[in-house]
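# Structural overview
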Amino acid sequence: MSGIVVLGLQWGDEGKGKVSYILSRDADYVVRFQGGANAGHTVVLDDGRELRFNMLPAGSAAGAVPCIASGTVVDLDELEEEVNLLRSIGVYRNLLISKCANIVLPIHKSLDRALEEARGKRSVGTTGRGIGPAYSDKALRIGLRVEDVLDPEALSSRLEVLRSIHKVYGDVEGYILQKSSILRESVCDLELILNDVIDGGGKIVFEGAQGTLLDIDHGTYPYVTSSNTTIGAVSTSCGVSLRKISEIVGVMKAYTTRVGEGVFPTELKDQIGERLREVGGEYGTTTGRPRRVGWLDIPLLRYAVKINDVDWIALTKIDVLSGLDKIKICVEYEVEGSRIVLAPPRVSLLEKAKPVLIEVDGWTKLSRDEWRKISEKGVDALPENAIRYIEIVEELLGKPIKLISCGAEAGLVVWRT
Ligand code: IMP
């Protein structure tokens with residue numbers, strides 16, 4: 001039995017795409033189980049080709065069958081583009097989409113923008129991909145599901161309701177029909193297929209999007225996305241019991257980033273932050289927005305590790321820290337005279353939190369070639385202070401760091417056993 005979950009422990013952009021790609025190399029299926037085209041997962045192949053995925057799981061670039069489960073909201077434009085991308089690199093295997101997945105319509109994108117404008121100073125800083133409105137329609141039970149698109153009667157009755165509520169005009173029906181051929185080829189009872197694959201001894205990677213702190217229940221509400229990004233979502237979205245999950249992998253960056261608005265206790269607004277942003281290429285894959293950057297935040301990570309019951313950690317972008325004389329880590333918060341070592345991401349608490357930082361020695365800047373040699377030689381070739389940094393983080397979180405990513409290309413990784 002092999003169901004492996006890859007999920008983010010911070011505010012997204014942890015490098016889940018690369019980790020999922022690596023773990024999907026020997027997987028049969030790889031599944032997106034929440035979110036929509038707000039995600040931006042990048043895979044850089046060893047020949048330098050960069051593949052970007054917003055809707056399909058990045059692991060599908062490794063040749064696993066791409067799946068989209070019911071808890072996602074499907075952007076048909078992105079879907080078409082990414083299927084073509086997989087075809088162009090010769091790894092496309094027939095996509096499977098749950099008949100229950102909801103569809104993002106052009107009206108949802110317009111509403112997303114209008115809602116952000118209406119919030120003014122309190123806008124969330126969404127990706128503008130129509131995510132919130134699409135999930136709201138689902139909760140209101142007026143959403144359009146994949147199965148409706150394939151049944152002309154259901155489609156016109158659904159659209160009638162949608163129109164009467166959103167006052168949508170324009171040729172929505174035409175848009176849906178134009179995009180429906182991919183759905184026709186892919187629609188299925190995904191939950192039954194996934195259960196059979198695991199029961200039959202196959203391997204499935206469940207690829208999370210966004211991160212724990214953007215979870216609609218467990219994140220920094222209201223500055224969150226509109227889906228559950230944490231472990232339970234795998235089960236509700238895919239119809240696969242958590243008993244069938246054999247491994248939960250938490251992905252975290254060696255520092256912290258956040259896109260959009262909301263509290264960020266360890267944010268750096270100085271030259272070091274600027275440097276990390278530039279060296280780390282911290283600009284949104286989906287929107288191109290500069291990401292906010294800060295030191296590692298252990299109290300929030302402890303929370304993420306706990307609620308997802310992570311088995312092991314993949315630590316990414318360790319290379320971005322090279323060349324810094326000293327590196328800081330927030331190990332606890334001081335809040336109104338008390339020390340907090342594990343913090344639930346509540347905005348009211350985090351706004352008052354003063355990070356307590358420890359300082360560790362950095363290591364010299366290394367070129368891409370030097371990182372490549374390190375990844376060929378293995379963990380002992382890492383700079384001594386980088387190993388120390390990894391061990392400190394491991395100790396603070398109480399979980400093993402088994403995979404270290406030290407560059408964008410898929411081959412730039414070091415495994416620790
Ligand atoms: P939405 O998901 O587009 O509604 O955006 C809600 C919040 O989640 C905003 O702060 C976005 O910047 C953030 N967000 C959504 N998707 C991602 C992602 O893939 N990476 C990082 N932040 C994201």
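Predicted model only: the values in this text are computed from it and were never measured. (Residues numbered from 1 in each chain as written. Predicted model: local features only at pLDDT ≥ 70, side-chain atom pairs only at ≥ 80, totals over all residues. Heavy atoms only, no water.)

## Side note on the site of the ligand
As a reminder, the rule being used: Throughout, the term near means that a residue has one or more heavy atoms lying within 4 Å of the molecule or strand in question. Between N or O atoms, a polar contact is any pair within 3.5 Å; within protein, one atom must be a potential hydrogen donor and the other a potential acceptor, and residues adjacent in sequence are included only when both atoms are from side chains. Note on areas: Shrake-Rupley, 1.4 Å probe, and residue coverage restricted to the protein chains presented here. Residues are grouped as follows: Ala, Val, Leu, Ile, Met, Phe, Trp, Tyr, Cys and Pro are nonpolar; Asp, Glu, Lys and Arg are charged; all remaining types, including Gly, are polar. Segmentation of the chain into domains, including their bounds, is taken from an automatic or database domain assignment.
The full set close to the ligand counts 17 residues, and Asp13, Asn38, Thr127, Thr225 and Arg289 are the nearest of them. Thr127 has a polar side-chain atom sitting 2.6 Å from an oxygen atom of the ligand. Within the side chain of Arg289, one N or O atom sits 3.0 Å away from an oxygen atom of the ligand. In isolation the ligand has 470 Å² of accessible area, and contact with the protein removes 97% of it. When its residues are assigned to classes, the shell around the ligand shows seven nonpolar, eight polar and two charged. Mapped onto the domain boundaries, the shell around the ligand takes at least three residues apiece from domain 1 (2–99 + 187–415) and domain 2 (102–186).

## Focus: the side chain of Ser227
How we decide: Numbering goes from the N terminus for both helices and strands, where a helix is a DSSP run of H or I of at least four residues and a strand is a run of E of at least two. Using a 1.4 Å probe on the protein chains alone, a residue whose accessible area is under 20% of its type maximum counts as buried, one over 50% counts as exposed, and one in between counts as partly exposed. Contact definition: two residues touch when any of their heavy atoms are within 4.5 Å.
Take Ser227: it is sitting in the loop between strand S10 (203–207) and helix H9 (232–238). Using a relative accessible area of 5% as the deciding quantity, one classes Ser227 as buried. Setting aside chain neighbours within four positions, we find Ser227 in contact with Gln34, Gly35, Tyr135, Gln210, Leu214, Asp215 and Ile216.

## Observations regarding the sheet that holds strand S2 (residues 29–32)
Heads up, the condition is: For two strands to be treated as a pair, DSSP must find no fewer than two bridges joining them. Each axis is a line fitted through C-alpha atoms, and for a helix only the stretch in contact is used; angles between axes span 0 to 180 degrees, taken between their N-to-C directions.
Ordered by their spatial adjacency, 10 strands build an open sheet running S9-S7-S5-S2-S10-S1-S11-S15-S19-S20, and the pairing between neighbours is mixed. A strand with exactly one partner marks an edge of an open sheet, and here the two such strands are strand S9 (187–188) and strand S20 (413–415). Summarising the sheet, strand S5 (residues 65–68) and strand S7 (residues 96–98) pair through two bridges and their orientation is parallel. Paired with Cys67 across the bridge in S7 is Leu96. Sitting on the sheet, helix H14 (residues 384–397) touches strand S11 (247–253), strand S15 (312–316) and strand S19 (401–405), and the angle it makes with S19 is about 135°.

## Some remarks on helix H8 (residues 190–199)
The condition that has to hold: It is the directions from the helix axis to the C-beta atoms whose arc is reported.
Residues of H8 that are buried include every one of Leu190, Leu194, Asn195, Val197 and Ile198, and no others. Projected onto a plane normal to the axis of H8, the buried residues spread over an arc of 160° and lie on a single side. Away from its buried face, by an angle of more than 90 degrees, H8 presents the exposed residues Leu192, Asp196 and Asp199. Phi turns positive, to about 90°, at Gly201, one or two residues after H8.

## Some details on the domain arrangement of the protein
As a reminder of what qualifies: By buried area we mean how much accessible surface two parts lose on assembly, using a 1.4 Å probe and totalling the loss over both.
For the protein, the domain assignment lists domain 1 (2–99 + 187–415) and domain 2 (102–186). Relative placement of domain 1 and domain 2: their C-alpha centres are 28 Å apart. Taken together, the 39 residues of domain 1 in the interface contact 28 residues of domain 2. Taken together, both faces of the contact between domain 1 and domain 2 bury some 2700 Å²; the carbon and sulfur share is 54%. Summed over the three residues of domain 1 that lose the most area to domain 2, namely Val73, Leu76 and Val187, the buried surface amounts to 25% of that side.

## Things to note about the pattern of salt bridges
Pairing between side chains becomes possible if they bear opposite charge and their charged atoms approach one another. Selection criterion: Salt bridges are defined by distance alone: a side-chain nitrogen of Lys or Arg within 4 Å of a carboxyl oxygen of Asp or Glu.
Enumeration over the complete set of coordinates arrives at 27 salt bridges. A salt bridge links Arg129 to Glu78, with the nearest nitrogen and oxygen atoms 3.2 Å apart. Here Arg129 is found in the loop between helix H3 (106–119) and helix H4 (131–139), whereas its partner Glu78 is found in helix H2 (residues 76–88), with 51 residues between them in sequence. In terms of burial, Arg129 and Glu78 fall into one category: buried. For the salt bridge of Glu336 with Lys352, the shortest nitrogen-to-oxygen distance reads 3.7 Å. Of the two residues, Glu336 is situated in the loop between strand S16 (326–335) and strand S17 (338–340) and Lys352 in helix H12 (residues 347–352); the sequence distance between them amounts to 16 residues.

## So, the environment of Gln178
Within the element layout of this structure, Gln178 appears in helix H7 (residues 172–186). Judged by its relative accessible area of 57%, Gln178 falls in the exposed class. Note: C-alpha distance between Gln178 and Leu76 (102 residues apart in sequence) is 9.8 Å.

## Side note on empty space enclosed by the protein
Keep this limit in mind: A pocket here means an open set of points on a 1 Å grid, computed over the protein atoms alone, that has protein on both sides within 12 Å along at least five of seven lines. A cavity is instead a set of points where a 1.4 Å probe fits but cannot get out; residues with an atom within 4 Å of a point line either one. Grid points are joined across faces, edges and corners, and a volume is the space filled by probe spheres set on the points.
Scanning all chains against the criterion turns up one cavity of 30 Å³ or more. Estimated volume of the largest cavity: approximately 40 Å³. Residue lining of the largest cavity: Leu9, Gln10, Trp11, Leu213, Thr256, Asp297, Leu300 and Leu301, and that is the complete set.

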